[in-house]
Amino acid sequence: MSRAAPSKHALNIIDRPIARNKLDIPTVSLSAFAYLFSELISYAMDRAASITELEDRLDRVGYDVGCRMLELLSYREKATRRKPEILDMLKHIHSAAWPYMFGKTADDLQQANAADDEYMISDNDLLLGRFISIPKSYSSFVPGSLVAGIVRGMLDSAGFPARVSAHFVEQPTSSKPTTTILIKFDASVMQRQAALDAAKRG
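Cut-off values and rules
Residues numbered from 1 in each chain as written. Predicted model: local features only at pLDDT ≥ 70, side-chain atom pairs only at ≥ 80, totals over all residues. Heavy atoms only, no water. Helix = DSSP H or I, 4+ residues; strand = E, 2+ residues; numbered from the N terminus. Buried < 20%, exposed > 50% of the residue type's maximum accessible area, 1.4 Å probe, protein only. Contact = heavy atoms within 4.5 Å. Areas by Shrake-Rupley, 256 points an atom, 1.4 Å probe, with all protein chains shown as cover. Axes fitted to C-alpha atoms, helices over the stretch in contact; angles between N-to-C directions. Parallel < 35°, antiparallel > 145°, perpendicular 65-115°, else oblique. Nonpolar A, V, L, I, M, F, W, Y, C, P; charged D, E, K, R; others polar. Pairing = 2+ DSSP bridges.

Draft legend 1. Representation of the overall build of the protein in the model. Counting its secondary structure elements, the protein contains 5 helices and 4 strands. Listing the helices and strands of the protein from first to last along the sequence gives α-α-α-β-β-α-β-β-α. Here the protein holds 202 residues, and the buried ones make up 36% of them. Counted over contacts in the protein with a minimum sequence separation of 6, partners at least 24 positions apart contribute 62%. For the protein, the accessible area works out to roughly 12,500 Å², and carbon and sulfur atoms hold 53% of it.

Draft legend 2. Focus on the packing of helix H2 (residues 51-77) against helix H3 (residues 86-102). Two elements in contact, H2 and H3, have axes whose closest approach is 11 Å; the angle formed by their N-to-C orientations is 95 degrees. It follows from the interaxial angle that H2 and H3 lie roughly perpendicular. Residues Met69, Leu70, Leu72, Leu73, Arg76 and Glu77 of H2 form the contact with H3, whose own contacting residues are Met89, His92, Ala97, Tyr100 and Met101. In terms of residue class, the contact of H2 with H3 is built from 8 nonpolar, 1 polar and 2 charged.

Draft legend 3. Representation of the environment of Arg163 in the model. The residue Arg163 is located in strand E3 (residues 162-169) in this model. Along the primary structure Arg163 and Ala148 are separated by 15 residues, whereas in three dimensions their C-alpha atoms are 9.1 Å apart. Sequence-distant contacts of Arg163, defined by excluding residues within four places in its chain, comprise Leu182, Ile183 and Lys184.

Draft legend 4. Seen up close, the pairing of strand E2 (residues 118-123). For strand E1 (residues 108-111) and E2, the ladder comprises 4 bridges, and the chain directions are antiparallel. Looking at E2, one finds that Gln111 is bridged to Tyr119. Hairpin connection between E1 and E2: a loop of 6 residues separates the two successive antiparallel strands. Here E2 pairs with strand E4 (residues 178-185) via 6 bridges, running antiparallel. What sits directly across from Ile121, in E4, is Ile181.

Structure representation (structure tokens):
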């Protein structure tokens, strides 16, 4: 008995093109996502002795996701090489990876005023914070630590090693704090960027 040939539209998850607008982005049920994330938090909390350890566990999970995320997006974009500029990589995370993960671009990308090696990606309503209730004893816990790990994994895999952390930033115009991902690049990355800038100037 012969089997029907697969439809030309039946692409596997790797071969599907990157969505170009919000309506094309494949999504999962929010209730399923909320359940999975809450279970991940519960699992990490049961094995963590402090808030710092809990955030570190989420960061490590996110790091593995970020490494695979960069590989997947690069494969779908058919990108054999990526520009070595810091800003180009950050824009890729802000405008390509963020919509793929959360259905929209991040709300802000900026360089820190006080340090050339620090950048911030901010989201005013990060999806991860909607589905968990934090006990008072964990009031300083930042669920965005998972996203910080994802960003760190993407940067590390692309050759931009950095320290990445998640923080809540209170906003006077909103009852919800903004989640800010703080990125501090390794000295080797800044040296490479300086060489690139010098080459541009001739």
